[in-house]
Amino acid sequence: MPSMKDPSPEAIANVTEHNVETRAQLLPEEQSVEGDTDPTNEGLDPKVQAAVILAESEERTVHADPDDAQGGHRQSAETADLP
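Asks: How should I be thinking about the overall build of the protein chain in this particular structure?
Replies: Counting secondary structure elements, the protein chain contains 4 helices and 0 strands. Contacts in the protein chain between residues at least 24 apart in sequence constitute 60% of all its contacts with a sequence separation of at least 6. A total of about 6,800 Å² of accessible surface is found on the protein chain, and carbon and sulfur atoms cover 53% of it.

Put into structure tokens, the structure is as follows:
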């Protein structure tokens, strides 16, 4: 679940134009859910959506939450002892 805070400048800087271009190309199943993506018809702009999604993802990578099961990286000393 995305946080509601804006991605940091560091996270935004990690998003490349190539990444945005490739992520903006919706798959058929994404197109069926999104509906009209033509901004001239008041649809959602796929490039804007892609940039936001990628920046939020980068933010989670750059500033991982150690309490989040998916974001935390454990040290071997933090694992359970084997019997």
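Anyway, onward from the coordinates.
Asks: I'm lost on the nonpolar core in this one. Help?
Replies: The tendency in soluble globular proteins is for nonpolar side chains to be buried side by side. One finds Val-15, Val-20, Ala-24, Ala-50, Leu-54 and Ala-55 forming the largest nonpolar core, which totals 6 residues. Those elements giving two or more residues to this core turn out to be helix 2 (17–24) and helix 4 (46–62). With residues near it in sequence (within four places) discarded, Ala-24 still touches Pro-46, Lys-47 and Ala-50.

Asks: What is the right way to read the environment of Lys-5 from this model?
Replies: Along the chain, Lys-5 turns up in the segment before helix 1 (9–13). Relative accessible area serves as the criterion here: at 54%, Lys-5 is assigned to the exposed category. Residues Lys-5 and Glu-59 lie 54 residues apart in sequence; the distance between their C-alpha atoms is 9.8 Å.

Asks: What am I meant to see in the packing of helix 2 against helix 4 here?
Replies: A pair of packed helices can be characterised by two numbers: the angle between their axes and the separation between those axes. The contact between helix 2 and helix 4 brings their axes to 8 Å, and the two run at 120°. Between helix 2 and helix 4, the angle is such that the two are oblique. In this structure, helix 2 meets helix 4 at a crossing whose hand is right-handed. In contact with Asn-19, Val-20, Glu-21, Arg-23 and Ala-24 of helix 2, helix 4 contributes Pro-46, Lys-47, Ala-50, Ala-51, Ile-53 and Leu-54. A class-by-class count of the residues in the contact of helix 2 with helix 4 yields 7 nonpolar, 1 polar and 3 charged.

Asks: What exactly am I supposed to notice about the environment of Leu-54 here?
Replies: With respect to the helices and strands, Leu-54 occurs in helix 4. Separated by 39 residues in sequence, Leu-54 and Val-15 have C-alpha atoms that sit 6.4 Å apart. Those residues within four positions of Leu-54 in sequence are excluded, and the remaining contacts are Val-15, Asn-19, Val-20 and Arg-23.

Asks: Whenever I open this one, helix 4 confuses me. Can you help?
Replies: Residues separated by three or four positions in an α-helix point in the same direction, a consequence of the helix having 3.6 residues per turn. For helix 4, with 17 residues, the first-to-last C-alpha span of 24 Å sits near the 24 Å given by 1.5 Å per residue. Inspection of helix 4 places Pro-46, Ala-50, Leu-54, Ala-55 and Glu-59 among the buried residues, and these make up the whole buried set. Buried residues along helix 4 sit in contact with helix 1 and helix 2.

Asks: Just to check I follow, could you spell out the pattern of salt bridges for this structure?
Replies: Note that side chains of opposite charge can pair when their charged atoms are close. Following the criterion strictly, the structure yields 1 salt bridge and no others. A salt bridge links Glu-21 to Lys-47, with the shortest nitrogen-to-oxygen separation between them at 2.9 Å. Of this pair, Glu-21 sits in helix 2 while Lys-47 is found in helix 4, placing the two residues 26 residues apart along the sequence.

Rules used throughout
Residues numbered from 1 in each chain as written. Predicted model: local features only at pLDDT ≥ 70, side-chain atom pairs only at ≥ 80, totals over all residues. Heavy atoms only, no water. Helix = DSSP H or I, 4+ residues; strand = E, 2+ residues; numbered from the N terminus. Contact = heavy atoms within 4.5 Å. Areas by Shrake-Rupley, 256 points an atom, 1.4 Å probe, with all protein chains shown as cover. Core = buried A, V, L, I, M, F, W, Y, C linked by side-chain atoms within 4.5 Å. Buried < 20%, exposed > 50% of the residue type's maximum accessible area, 1.4 Å probe, protein only. Axes fitted to C-alpha atoms, helices over the stretch in contact; angles between N-to-C directions. Parallel < 35°, antiparallel > 145°, perpendicular 65-115°, else oblique. Left-handed = near helix turned anticlockwise from the far one by under 90°. Nonpolar A, V, L, I, M, F, W, Y, C, P; charged D, E, K, R; others polar. Expected span 1.5 Å × (residues − 1). Salt bridge = Lys/Arg side-chain N within 4 Å of Asp/Glu carboxyl O.

Honestly, it's all geometry; don't read function into it.
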